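Structural description and commentary
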Amino acid sequence: MIVIAVISGLLASSTAARANAVFPFRADSGDNCRYGTTQGSLIWRYSTTTPIRPITLDVRGTLVDHPLPDEWGFLCRDDGYYSVATFVAYLSNGTTARAEARADNAIVSLGFTLGSSSTTSSISRATVQVCRSPLRGTGASYCGTPQHYAPVVYDPPPPTP
């Protein structure tokens with residue numbers, strides 16, 4: 001009885017894994033204090049047609065802009081900037097889907113989906129970047145290094161005659 005449950009559990013997980021693939025993401029603002037950071041999960045949602053390619057990308061996680069209240073004290077004081085995390089999905093039809101989240105001395109939850117309403121357009125890759133801009137318009141904006149993510153693509157060989 002236990003063996004049957006384990007085998008059926010493995011089959012269920014392999015089917016679910018084919019429909020979705022979950023990978024962690026992380027990006028920061030690139031400064032010494034790491035004032036702006038974002039992290040979480042990218043959930044690639046796949047089509048059911050062959051070749052099996054991702055058609056939407058769910059983003060779940062947080063954007064943190066430091067310092068948070070009662071954090072760090074004298075080391076990394078409030079610099080008067082806010083953080084923006086930008087997520088871009090590159091679609092096979094040559095377009096992009098984009099979303100941004102903004103935080104100022106706070107933690108912001110992320111939960112959104114990028115992609116196309118068309119099932120014929122797939123996502124080839126995604127980019128995550130954190131930038132910081134001044135609250136009052138004085139000073140230069142700056143960005144951390146963009147982080148690039150690519151999905152696993154299932155392209156089974158054609159059946160042999």
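Here is what the cut-offs are and how they apply
Residues numbered from 1 in each chain as written. Predicted model: local features only at pLDDT ≥ 70, side-chain atom pairs only at ≥ 80, totals over all residues. Heavy atoms only, no water. Helix = DSSP H or I, 4+ residues; strand = E, 2+ residues; numbered from the N terminus. Buried < 20%, exposed > 50% of the residue type's maximum accessible area, 1.4 Å probe, protein only. Contact = heavy atoms within 4.5 Å. Core = buried A, V, L, I, M, F, W, Y, C linked by side-chain atoms within 4.5 Å. Disulfide = S-S within 2.5 Å. Pairing = 2+ DSSP bridges. Axes fitted to C-alpha atoms, helices over the stretch in contact; angles between N-to-C directions. Polar contact = N/O pair within 3.5 Å; in protein donor to acceptor, adjacent residues only side chain to side chain. Lys, Arg positive; Asp, Glu negative; His and termini not counted. Salt bridge = Lys/Arg side-chain N within 4 Å of Asp/Glu carboxyl O.

When its secondary structure is counted, the protein chain shows one helix and nine strands. In the protein chain, the order of α-helices and β-strands from amino to carboxyl end is α-β-β-β-β-β-β-β-β-β. Per-residue burial over the protein chain gives 39% buried out of 161 residues. Within the protein chain, contacts between residues at least 6 apart in sequence are counted, and of these 61% link residues at least 24 apart.

What follows deals with the nonpolar core. By size, the foremost hydrophobic cluster in this structure holds 26 residues, and its most contacted members are Phe25, Leu42, Trp44, Phe87, Leu110, Phe112 and Leu114. Where this core is concerned, the elements lending two or more residues are β1 (20-28), β2 (36-46), β3 (54-65), β4 (81-91), β5 (96-103), β6 (107-115) and β7 (123-134).

Within this structure, the stated rule accounts for two disulfides. One disulfide in the model links Cys33 with Cys76; its S-S distance is 1.8 Å. Handedness here is read from the sign of the S-S torsion; for Cys33 and Cys76, about -80 degrees, the answer is left-handed. Of this pair, Cys33 sits in the loop between β1 and β2 while Cys76 sits in the loop between β3 and β4, placing them 43 residues apart in sequence. Given the relative accessible area of 11%, Cys76 is considered buried. With a sulfur-sulfur separation of 2.0 Å, Cys131 is cross-linked through a disulfide to Cys143. Disulfide Cys131 to Cys143: torsion about the S-S bond roughly 105 degrees, handedness right-handed.

With that out of the way, let us pick up the sheet that holds β3. With antiparallel pairing, four strands are arranged side by side in an open sheet as β1-β2-β3-β6. Looking at strand neighbours, the two that pair on one side only are β1 and β6, the edges of this open sheet. Here the strands of the sheet are splayed against their neighbours by 15 degrees on average, with no regard to which way each runs.

Further remarks concern the pairing of β5. Consecutive side chains along a regular strand alternate between the two faces of the sheet. Only one face of β5 is covered, namely the one carrying Ala97, Ala99, Ala101 and Ala103; the face carrying Thr96, Arg98, Glu100 and Arg102 has none of its residues buried. Note: β4 against β5, eight bridges, orientation antiparallel. Within β5, the residue paired with Thr86 across the bridge is Glu100. Hairpin geometry of β4 and β5 is characterised by an intervening segment of four residues between the two adjacent antiparallel strands and by a positive phi of about 90 degrees at Gly94.

Moving on, we come to the environment of Thr95. With respect to the helices and strands, Thr95 occurs in the loop between β4 and β5. Residues Thr95 and Ser121 lie 26 residues apart in sequence; the distance between their C-alpha atoms is 9.5 Å. Not counting chain neighbours up to four residues away, the residues in contact with Thr95 comprise Ala89 and Tyr90. There is a polar contact of 2.6 Å between the side chain of Thr95 and the side chain of Asn93.

Our next topic: the side chain of Asp31. Looking at where Asp31 falls in the secondary structure, it is placed in the loop between β1 and β2. Buried Asp31, no salt bridge; nearest opposite-charge side chain is Arg132, N-O distance 4.2 Å. Here the side chain of Asp31 touches Ser29 through a polar contact of 3.0 Å, side chain to side chain. With near-sequence residues (within four places) excluded, Asp31 lies in contact with Arg132 and Tyr142.

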